[in-house]
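Working through the structure, step by step
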Amino acid sequence: MVTLKQLAKELNVSISTVSKALNNSEEIGEETVRRVKELAQLYNYRPNKVALSLKNNKTKTIGVIIPNILNRFLAKVLFGIEREASKHGYNIITCISNESLTKEKESLQLLANGSVDGFILSVAEESQIKNEVEHFRNTITQGLPIVMFDRVAHDVLCDKVIVDDFDSTYNATKSLIEEGRKHIVFISNIYDLSVGKLREHGYNKAIIENSNLQPTVIKIKKEDDHQQEIKSLFKKNKNIDGIIAADTSSSIIAINTAVNLGLKVPKQLSIIGFASKSESDLAMPKLTTIRQHAKDIGAIAAELLIKRIQNTGSTEDVKTKIVKTTLVKNESTL
């Protein structure tokens, strides 16, 4: 691989001149810039990124750790992170924890060894269930900032980006009560996660505020047959007229199962769930959704991290940014 020193020797100029010419410095004349760039192109010269990172003490790279690449919401957050990072000249390296505490720790250790300037991550399910956060604190102590999004560890002092999970289900439940629904059920298969707990609390508060209603919470385990559980729910509870689903799969399965059982949606039953527009369109009738604005979450997380990286040593307090969800009315509610 050709080096700056070799280019400088062939052109009979200093290494500094070659470096400045390649970076379009105004200190270097146009003719010299042209000659340097032509020779660099001829030899297919590429800057040594490792050397640059050692010199500048920055890699211009962000580590991103997400729990599940197949999750559409997380994939959209990743899109938002990459787009915002690219605007600021940063690359990203993505690792998948697959909901594993061990893999999450391994990813942090792997990339913390000089490969990245900081991390953006959503906490793995196993980490949240076991409430293990020391690996995050150790990373921050090493001088590598972390920004958490969606699933966050509240005990870790770092910047966070979340949605208004509590308010979103509180307001969605209120909207069904305003429709006149009397038997509203909350369904969740993410009840162990921080976001799932907040969504359940929001539903419960809206129900308890109305003395005529009773909360009904259905928690579906990962290993259970999701569709069979929801089908059984409908068969055992003929009076259900409203559903708030804490996750996308529960909402899509609920609406399709209801229709297959002959229930008229939304005349007899209204359903609201967390989903994107494309996911809403998978249901017939189309699902009324709580939209989380995943790309915005990713962009805000990247912006927070880059600011933290560029202000190394800053004592600025950590921030928690709350992205407001939007209730998008569709065909599954009145």
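Residues numbered from 1 in each chain as written. Predicted model: local features only at pLDDT ≥ 70, side-chain atom pairs only at ≥ 80, totals over all residues. Heavy atoms only, no water.

Moving on: the overall build of the protein chain. Helix and strand content of the protein chain: 14 helices and 12 strands. By the compact-globule yardstick of 20 Å for 334 residues, the protein chain is too spread out, its C-alpha radius of gyration being 26 Å. Dimensions along the principal axes, computed over C-alpha positions, put the protein chain at roughly 85 × 40 × 35 Å. For the protein chain, restricting intrachain contacts to residue pairs at least 6 apart in sequence, the fraction spanning at least 24 positions comes to 71%. Here the protein chain has roughly 17300 Å² of accessible surface; of this, 49% comes from carbon and sulfur atoms. Once the 46 positive and 40 negative side-chain charges of the protein chain are each reduced to a mean point, those two points are 3 Å apart. (Helix = DSSP H or I, 4+ residues; strand = E, 2+ residues; numbered from the N terminus. Rg over C-alpha atoms; globule rule 2.2 N^0.38 Å. Contact = heavy atoms within 4.5 Å. Areas by Shrake-Rupley, 256 points an atom, 1.4 Å probe, with all protein chains shown as cover. Lys, Arg positive; Asp, Glu negative; His and termini not counted. Charge placed at Lys NZ, Arg CZ, Asp CG, Glu CD.)

Taking strand neighbours across the sheet as the criterion, the six strands line up as 2-1-3-4-5-11 in an open arrangement whose pairing is parallel. Unpaired on one side and paired on the other, strand 2 (91–96) and strand 11 (320–323) mark the two borders of the sheet. Across the sheet, the mean angle from the axis of one strand to that of its neighbour is 15°, orientation sign disregarded. Sitting on the sheet, helix 14 (residues 294–310) touches strand 1 (61–66), strand 3 (118–121), strand 4 (146–149), strand 5 (159–163) and strand 11, and the angle it makes with strand 5 is about 170°. (Pairing = 2+ DSSP bridges. Axes fitted to C-alpha atoms, helices over the stretch in contact; angles between N-to-C directions.)

Next up on the list: helix 5 (residues 72–87). Across its 16 residues, helix 5 extends 23 Å between first and last C-alpha, which sits within 8% of the 22 Å expected from 1.5 Å per residue. Along helix 5, the positions that sit buried rather than exposed are Phe73, Leu74, Val77, Leu78, Gly80, Ile81, Glu84 and Ala85. Down the axis of helix 5, the smallest arc covering the buried residues is 160°, so these residues share one side. Residues of helix 5 that are buried in the fold lie against strand 1, strand 2, strand 3, strand 4 and helix 14. N-cap assignment for helix 5: the residue whose side-chain oxygen lies 2.9 Å from the backbone N of phenylalanine 73 is asparagine 71. Two residues or fewer past helix 5, glycine 89 is found with a positive phi of approximately 80°. (Expected span 1.5 Å × (residues − 1). Buried < 20%, exposed > 50% of the residue type's maximum accessible area, 1.4 Å probe, protein only. Arc of directions from axis to C-beta. Polar contact = N/O pair within 3.5 Å; in protein donor to acceptor, adjacent residues only side chain to side chain.)

All right, on to unusual backbone geometry then. Looking along the chain, the bond that leaves valine 265 and enters proline 266 is cis, with omega of 10°. With respect to the helices and strands, the residue proline 266 is situated in the loop between helix 12 (248–260) and strand 9 (270–274). Here the residue pair methionine 284 and proline 285 is connected by a cis peptide bond, since its omega of 0° sits within 30 degrees of zero. With respect to the helices, strands and loops of the structure, proline 285 is situated in the loop between helix 13 (277–280) and strand 10 (288–291). Even without being glycine, glutamate 99 reaches a positive phi, approximately 65°. Along the chain, glutamate 99 falls in the loop between strand 2 and helix 6 (101–111). One non-glycine residue with positive phi stands out, namely asparagine 131, at about 55°. If you trace the backbone, asparagine 131 turns up in the loop between helix 7 (125–130) and helix 8 (134–141).

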